Amino acid sequence: MDIDGLGDRFVDALVEFDMVHTPADLYGLTVESFVRMKALADERDGSTPETVKQGKVATKWAENLVASIEASKKSTLPRFLFALGIMHIGESTAKTLATWLGSLAVVRRTPAPVLRVLPDIGDEVATSIAAFFEQEGNEKVVDALLAAGITFADEGAPSPKLRDRLGLDVLLDAAKVPKLGPKSTALLAKTYASVQELVSAGEHNWIIAGVPSAAAANLWAYISDPTNYRKLVNDYADMAWLLDQLPAASATALPLEGHTYVITGTMETLKRDDATERLESLGAKVAGSVSKKTTAVFAGEAAGSKLDKAKELGVPVHTEADLLALLAEHGAAP
DNA sequence: AATGGCTGATGGCCAAAGAT
DNA sequence: ATCTTTGGCCATCAGCCATT
């Protein structure tokens, strides 16, 4: 959960001494817990300080830790998703999930085929996320963390842009039925409004609608398997639920939408995180590596290999002053 | 302990070639 | 004609190192 001052050392010790079994247990720790943990660790290492032997126990550090833990209850959705340690979910993908889906409740309930429509999320990553939230143990951990008082400052509605991307074809594409390609799934999604309609129409009508007979036969075989059918129905229900949450289409596009920037070196007036946040608030993406697709690189002091690469690829290189000007132009100046 | 940078491995995306 | 595979490129992830 990104708690200041709580590193691997302490966490390992807390687990070793049976004081913490799940992440949520951290929120039940007190100053006394940490002092006891430290005493046990010192005893094990034979490194009990003289002052402690004399009966003086330092507690300031433990007080700081407890305060840090308390402070970490006020989290953000991207940070929380990242902290869950889901395979293939780093900072960037966590942010994608948060901006597109809006809330933890939605993220938890979004089936893999639907996750696949988000940018930079394909088969592997979508499966990994859905599998994580399907595991009972993980469900419990997440619930326990929420019960411990974790809140998110930035939850909201899912992106209305999802409306265009979702449909029955999304589920059919994910099923990977042989011979059933994007043309056929798009056709079926246009013709039938739900899984029930699709099934009751039947193979014969699919062919009449224009689906190649081999593809139709494969799809019929796929749907005839009760496991597949149930999954299709469940996923469709979850997708419909998600569509229900979508707000009316958004107002205007953000000014820097579609642009990718890279920041390298040290900035004088802006911290890197701050600069990133401001650019993202304008719709830009801030990436970690330079390619031809990069809009521009903002280089501060002591820029290294990224600057070289930008020059090599002919990507525009700008200064910190340019960055400030760009932010000011769109009303996001510091 | 935290921050930032670097890098190898891997997933995602796109377009063109190949297969049915 | 549509589906499937392939290959190239890009971005992220995850682990490591140096610095402070």
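Analysis parameters
Residues numbered from 1 in each chain as written. Chains lettered and ligands numbered in written order. Predicted model: local features only at pLDDT ≥ 70, side-chain atom pairs only at ≥ 80, totals over all residues. Heavy atoms only, no water. Near = heavy atom within 4 Å. Polar contact = N/O pair within 3.5 Å; in protein donor to acceptor, adjacent residues only side chain to side chain. Helix = DSSP H or I, 4+ residues; strand = E, 2+ residues; numbered from the N terminus. Domains from an automatic or database assignment. Nonpolar A, V, L, I, M, F, W, Y, C, P; charged D, E, K, R; others polar. Expected span 1.5 Å × (residues − 1). Buried < 20%, exposed > 50% of the residue type's maximum accessible area, 1.4 Å probe, protein only. Salt bridge = Lys/Arg side-chain N within 4 Å of Asp/Glu carboxyl O.

Novice: Could you give an account of the protein's contact with DNA strand C, with specific residues and numbers?
Specialist: With respect to spatial proximity, 19 residues lie near DNA strand C, and among them Thr-93, Lys-179, Ser-184, Ser-291 and Lys-292 are the closest. Between a phosphate oxygen of DNA strand C and a main-chain N or O atom of Lys-179, the distance comes to 2.5 Å. Between DNA strand C and Lys-285, the relevant distance is 3.1 Å, taken from a phosphate oxygen to a side-chain nitrogen or oxygen of the residue. At the level of elements, α6 (91-101), α13 (182-191) and β4 (285-287) are the ones that each hand at least two residues to the surface near DNA strand C.

Novice: Account for the domain arrangement of chain A, naming residues and giving values.
Specialist: Reports of interface size often rely on the accessible area that becomes lost once the parts have come together. In terms of domain boundaries, chain A breaks down into domain 1 (8-72), domain 2 (75-152), domain 3 (162-245) and domain 4 (260-329). A C-alpha centroid distance of 41 Å is found between domain 1 and domain 4.

Novice: Provide a residue-level description of the protein's contact with DNA strand B, including the pertinent values.
Specialist: Around DNA strand B, the structure places 17 residues, and the nearest of them are Gly-5, Asp-120, Gly-122, Val-125 and Arg-272. Among the atoms of DNA strand B close to the protein, meaning within 4 Å, 100% are from sugar or phosphate groups. Asp-123 is positioned such that a nitrogen or oxygen atom in its backbone is 3.4 Å from a phosphate oxygen of DNA strand B. The biggest single contributor to the surface near DNA strand B is helix α9 (residues 123-134), with three residues. The residue inventory of the surface near DNA strand B, partitioned by class, reads five nonpolar, six polar and six charged.

Novice: Describe helix α16 (residues 226-245), with residues and values.
Specialist: Its 20 residues give α16 an end-to-end C-alpha distance of 29 Å, which sits within 8% of 28 Å, the value for a rise of 1.5 Å per residue. Buried within α16 we find Asn-228, Leu-232, Asp-235, Tyr-236, Asp-238, Met-239 and Leu-242. For α16, the N-terminal cap is Asp-225; the gap from its side-chain oxygen to the backbone nitrogen of Thr-227 is 2.8 Å.

Novice: Tell me about the pattern of salt bridges, residues and numbers included.
Specialist: Where side chains of opposite charge bring their charged atoms close, a pairing between them can arise. Applying the stated rule across the entire model yields 14 salt bridges. Two residues, Lys-95 and Glu-280, come together in a salt bridge whose shortest N-O distance is 3.2 Å. Residue Lys-95 is found in helix α6, and its partner Glu-280 is found in helix α17 (residues 272-281); the two are separated by 185 residues along the sequence. Across the salt bridge formed by Glu-139 and Arg-108, the nearest N and O atoms sit 3.2 Å from each other. Of this pair, Glu-139 sits in helix α10 (residues 136-147) while Arg-108 sits in helix α7 (residues 104-109), and the two are 31 residues apart along the sequence. A relative accessible area of 26% means that Glu-139 is categorised as partly exposed. Residue class for Arg-108 comes out partly exposed when judged on its relative accessible area of 21%.

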